[in-house]
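# Per-entry structural report
As a plain string of letters, each chain reads:
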Amino acid sequence: MVQISPKIISLQDFLASSESHESYELIDGEVIPKMPPQRFHSKTQRALLHYLENWGESRGEVGIEWSVTLQRQGRDWVPIPDLLFVHRDRLPQVLGDEPCPIPPDLAIEIISPGQSFGRMAEKATDYLAAGVLRVWVVDPQSQSITVFAPNTLPVTYRGDRILTDGLFPEFSLTARSLFISAGI
């Protein structure tokens, strides 16, 4: 059997390619398609967007599948979080139609069918190592939100346990309210 080596490309080539404008991520120099969302993923993403926009639109930038340029294990990495948030005071004065140029304050990944919590936890760890301040892994099947932060163990929120965080003043959410809003 002939094994074909993956084509490795640079960050500059990726950003200049059509794949950077579609649902592809750059991981270890390889262009990888992002898993297409299904119904529960889509409904959860929409509900989370509603919560984040109501809280954060005046505080910063809320992005839906906005790619971000980061470093992962010393290599260029361009993931596409399902949602992200960056406080306004951390953003460059001039920002064009480009990947987010700084690690966001919050990256949210929603688990889709075929994805595992373990794989998303690894990705959350990579986000933190790249400078992202908080990562939420949201699981529509188990109706949970797991929060990853630097130098602490992950914390999982279910039911009516209130998710708050000093990094996001005046924001609160419960998993129950999220999934009710999502209609799941």
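Here's a quick rundown of the structure. Owing to the predicted nature of the structure, the values given are computational and were not obtained by experimental measurement. (Residues numbered from 1 in each chain as written. Predicted model: local features only at pLDDT ≥ 70, side-chain atom pairs only at ≥ 80, totals over all residues. Heavy atoms only, no water.)

## So, the overall build of the protein
Along the protein, the regular secondary structure elements total four helices and twelve strands. By the burial criterion, 46% of the 184 residues in the protein qualify as buried. As presented, the protein carries roughly 9,800 Å² of accessible surface, and 51% of it is formed by carbon and sulfur atoms. (Helix = DSSP H or I, 4+ residues; strand = E, 2+ residues; numbered from the N terminus. Buried < 20%, exposed > 50% of the residue type's maximum accessible area, 1.4 Å probe, protein only. Areas by Shrake-Rupley, 256 points an atom, 1.4 Å probe, with all protein chains shown as cover.)

## A short note on the sheet that holds strand 6 (residues 83-87)
Strand order across the open sheet formed by six strands is 3-6-7-8-9-10, with mixed pairing between neighbours. Each edge of the sheet is formed by a strand with only one pairing partner; in this case those strands are strand 3 (60-64) and strand 10 (155-158). Taking each pair of neighbouring strands and ignoring which way they run, the sheet shows an average axis angle of 15°. Here five bridges tie strand 8 (residues 134-139) to strand 9 (residues 144-148), and the two strands are oriented antiparallel to one another. From the neighbouring strand, Asp-139 faces strand 9, where its bridge partner is Ser-144. Strands in contact with helix 4 (residues 175-182) are strand 8, strand 9 and strand 10; relative to strand 9, the strand with the most contacts, it is inclined by about 125°. (Pairing = 2+ DSSP bridges. Axes fitted to C-alpha atoms, helices over the stretch in contact; angles between N-to-C directions. Contact = heavy atoms within 4.5 Å.)

## As for the pattern of salt bridges
Oppositely charged side chains are able to pair whenever their charged atoms sit close together. Scanning all chains against the criterion turns up seven salt bridges. The partner of Arg-90 in a salt bridge is Asp-105, with the nearest N and O atoms 3.1 Å apart. One end of the pair, Arg-90, is in the loop between strand 6 and strand 7 (106-110); the other, Asp-105, is in the loop between strand 6 and strand 7, and 15 residues separate them in sequence. Since its relative accessible area comes to 1%, Asp-105 is described here as buried. (Salt bridge = Lys/Arg side-chain N within 4 Å of Asp/Glu carboxyl O.)

## Some details on the packing of helix 2 (residues 39-56) against helix 4
Closest axis-to-axis distance for the helix 2/helix 4 pair is 8 Å, and the angle between their directions is 115°. Regarding helix 2 and helix 4, the two cross each other, and that crossing is right-handed. Across from Lys-43, Thr-44, Arg-46, Ala-47, Leu-48 and Tyr-51 in helix 2, the residues of helix 4 making contact are Ser-177, Leu-178, Phe-179, Ser-181 and Ala-182. Its residues assigned to classes, the contact of helix 2 with helix 4 shows six nonpolar, three polar and two charged. (Left-handed = near helix turned anticlockwise from the far one by under 90°. Nonpolar A, V, L, I, M, F, W, Y, C, P; charged D, E, K, R; others polar.)

## Some points on the nonpolar core
Judged by nonpolar contacts, the single largest core of 25 residues is most densely connected at Leu-48, Ile-108, Trp-136, Val-138, Ile-145 and Leu-178. Going through the elements one at a time, helix 2, strand 6, strand 7, strand 8, strand 9 and helix 4 are the ones with two or more residues in this core. The greatest single-element share of this core, amounting to six residues, is contributed by helix 2. Contact partners of Trp-136, with chain neighbours within four places excluded, come to Leu-48, Leu-106, Ala-107, Ile-108, Glu-109, Ile-145, Thr-146, Val-147, Leu-163, Phe-171 and Leu-173. Counting 20 residues, the second largest nonpolar core, distinct from the first, contains Trp-66, Leu-70, Val-132 and Val-137. (Core = buried A, V, L, I, M, F, W, Y, C linked by side-chain atoms within 4.5 Å.)

## Regarding the side chain of Ser-67
Structurally, the position occupied by Ser-67 is in the loop between strand 3 and strand 4 (70-72). When its relative accessible area of 12% is taken as the criterion, Ser-67 is described as buried. Excluding residues that lie within four positions of it along the chain, Ser-67 makes contacts with Val-78, Pro-79, Ile-80, Pro-99 and Cys-100.

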